[in-house]
Amino acid sequence: MTYEQVSKETEMSMWESGVKKRVLYAGTGDVVDYQEGTKAVFHYETCKLDEPPTVLDDSRSQEKPMELIFGKKFKLEIWEKCLMSMRVGEVAEYICEPKVVVLYPIVAKSLRDIQQGKQDRPRHCCGMSSDNSLGYADLDELVKHPQPLAFIIELLKVEKKGEYSQEAWQMTPEEKKAALPQLQEEGNNLYRLKQFHQAADKYAEALGCIEQLLIREKPGDGEWIDLDSRKIPLLLNYAQCKLILGDYYPVIEHTTSVINRDEGNVKAYFRRGKAHAAVWNKREAQADFSKVLELDPSLKGAVKKELKILEDRIKSNKKEEWEKLKGKNVFG
């Protein structure tokens, strides 16, 4: 990320104790008034002060820019202070003394883990593991030998609370509970539009909210039972999307979760049976379809159709295997 036109001509100024700021590219409008719940969307690049600068992290290498919600107790306080001094569209460089960025390795570890799919978005950034390693050699080095860091930040967009859809990790428990009907309805609408990937994402988001709410309740209590029961239609809808998309193992997993909660759920057995058939689990498919007939004999025609499809696939596969063996002339 370079802004040669300005960076060589603008002097660094002491902006905060232990921090110098240089505007590389001027933004527009006024400095934003960040109230609780305001979301800043920005790109950042973190560098050491060696020559040439060693880049530690660069959000532009990821699919999405960084998002920070004010009032959520983000560990790296200096980023909030930097953003509070910026206008939308501005690009600025901040040179920070070691005392200001002592928590950067921990924050960077958490962000890297999220980007690599090792964890979901946290409410607070986590600490070091039991072996005193963050799992990244460059971050471990920063912990052992603190040093100044440079942040180049580009403020892309600012949204007030209510102007954006919050992710589950950004919500309060009350907001999570209130969001459940809307997320399910959005999923249903996307399903009707045959946007199955997006619909599955909405159902998964709602399930994530419930999981986080369940952690706060005592298993077996009334509120816990009510929340857990709300997972059933979401699990079934998610499984149906995955079935259509040909992603069969999540179907088996999530319909089994439904059956563990409701042993008489016909939809769960039928969808699991179709998924088992698709991955050649003949016995499991037959068992599930038999259970469907036991619970709802009116589905005999649908079950017969699925079993015929399975038998035809098995016969076709056996024929293909036989033709391959003949072609190899294994007997002579």
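What you are looking at is a predicted structure, and each value in this text was computed from that prediction instead of being measured.

## What to know about the overall build of the chain
Within the chain, the secondary structure is distributed over 12 helices and seven strands. Relative to its 332 residues, the chain shows a buried fraction of 41%. The long-range share in the chain, meaning contacts at least 24 apart out of those at least 6 apart in sequence, stands at 68%. Within the structure as shown, the chain displays about 18800 Å² of accessible surface, and the carbon and sulfur contribution to it stands at 50%.

## Side note on unusual backbone geometry
Only a minority of non-glycine residues have a phi that is not negative, and only a minority of peptide bonds are not trans. Note that the residue after Glu 51, namely Pro 52, is joined by a cis bond; omega there is -10°. Its place among the elements puts Pro 52 in the loop between β3 (39-47) and β4 (55-58). Positioned with a positive phi, Lys 194 is a non-glycine residue whose angle comes to about 65°. Counting through the fold element by element, Lys 194 comes out in the loop between α5 (173-192) and α6 (196-214). Its identity is not glycine, yet Trp 280 carries a phi of approximately 70°, on the positive side. As for its placement among the helices and strands, Trp 280 is situated in the loop between α10 (266-278) and α11 (282-295).

## Regarding the side chain of Lys 231
Tracing the sequence through the fold places Lys 231 in helix α8 (residues 231-245). Those residues in contact with Lys 231, other than ones at most four positions away along the chain, are Leu 207, Ile 210, Glu 211, Leu 214 and Arg 261.

## What about the confidence of the model for the chain?
For any part of a model where pLDDT is low, the fine detail of the predicted coordinates should not be relied upon. Of the residues in the chain, 87% have a pLDDT of 70 or more, and the chain-wide mean is 86. When pLDDT is averaged over each element of the chain, α8 comes out on top at 97 and helix α1 (residues 4-7) at the bottom at 40. Note on residues 1-10: pLDDT is under 50 here. Beyond four places in sequence and across chains, it has 18 contacts. Considering only residues more than four positions removed or in separate chains, one finds that residues 119-130, a stretch of pLDDT under 50, has 33 contacts.

## Topic: the pattern of salt bridges
Using the criterion set out here, one finds 22 salt bridges in the structure. Through salt bridges that share partners, Lys 39, Glu 67, Lys 157 and Glu 159 make up one connected network.

## Focus: the packing of helix α9 (residues 248-261) against α10
The N-to-C vectors of α9 and α10 enclose an angle of 150°; their axes lie 9 Å apart at closest approach. In this view, α9 runs roughly antiparallel relative to α10, as classed from their interaxial angle. The chirality of how α9 crosses α10 is left-handed. The segment α9 lies against α10, with Tyr 248, Val 251, Ile 252, Thr 255, Thr 256, Val 258 and Ile 259 engaging Ala 268, Tyr 269, Arg 271, Arg 272, Ala 275, His 276 and Ala 278. Of the residues belonging to the contact of α9 with α10, the class tally is nine nonpolar, three polar and two charged.

## Details of the packing of aromatic side chains
Evaluation of the coordinates by the stated rule reveals 10 aromatic pairs. Aromatic side chains Phe 42 and Tyr 44 sit 6.4 Å apart centroid to centroid with 55° between the ring planes, which places their arrangement in the tilted category. Judged on exposure class, the residue Phe 42 and its partner Tyr 44 are both buried. Arranged with centres 6.4 Å apart and planes meeting at 65°, the rings of Trp 79 and Tyr 104 form a pair that is edge-to-face. Placement of the pair is Trp 79 in helix α2 (residues 77-84) and Tyr 104 in helix α3 (residues 104-115), with a sequence separation of 25 residues. You'll find Trp 79 and Tyr 104 in the same group, each marked buried. Every member of this aromatic cluster is reached through a ring pair, and the members are Phe 42, Tyr 44, Phe 74, Trp 79, Tyr 104 and Phe 151. We note Arg 313 situated over the ring of Trp 280; from NZ or CZ to the ring centre the distance is 4.0 Å.

Thresholds applied
- Residues numbered from 1 in each chain as written.
- Predicted model: local features only at pLDDT ≥ 70, side-chain atom pairs only at ≥ 80, totals over all residues.
- Heavy atoms only, no water.
- Helix = DSSP H or I, 4+ residues; strand = E, 2+ residues; numbered from the N terminus.
- Buried < 20%, exposed > 50% of the residue type's maximum accessible area, 1.4 Å probe, protein only.
- Contact = heavy atoms within 4.5 Å.
- Areas by Shrake-Rupley, 256 points an atom, 1.4 Å probe, with all protein chains shown as cover.
- pLDDT = per-residue confidence, 0-100.
- Salt bridge = Lys/Arg side-chain N within 4 Å of Asp/Glu carboxyl O.
- Axes fitted to C-alpha atoms, helices over the stretch in contact; angles between N-to-C directions.
- Parallel < 35°, antiparallel > 145°, perpendicular 65-115°, else oblique.
- Left-handed = near helix turned anticlockwise from the far one by under 90°.
- Nonpolar A, V, L, I, M, F, W, Y, C, P; charged D, E, K, R; others polar.
- Phe/Tyr/Trp six-rings, centres within 6.5 Å; stacked < 30°, edge-to-face > 60°.
- Lys NZ or Arg CZ within 6 Å of the ring centre and 35° of its normal.

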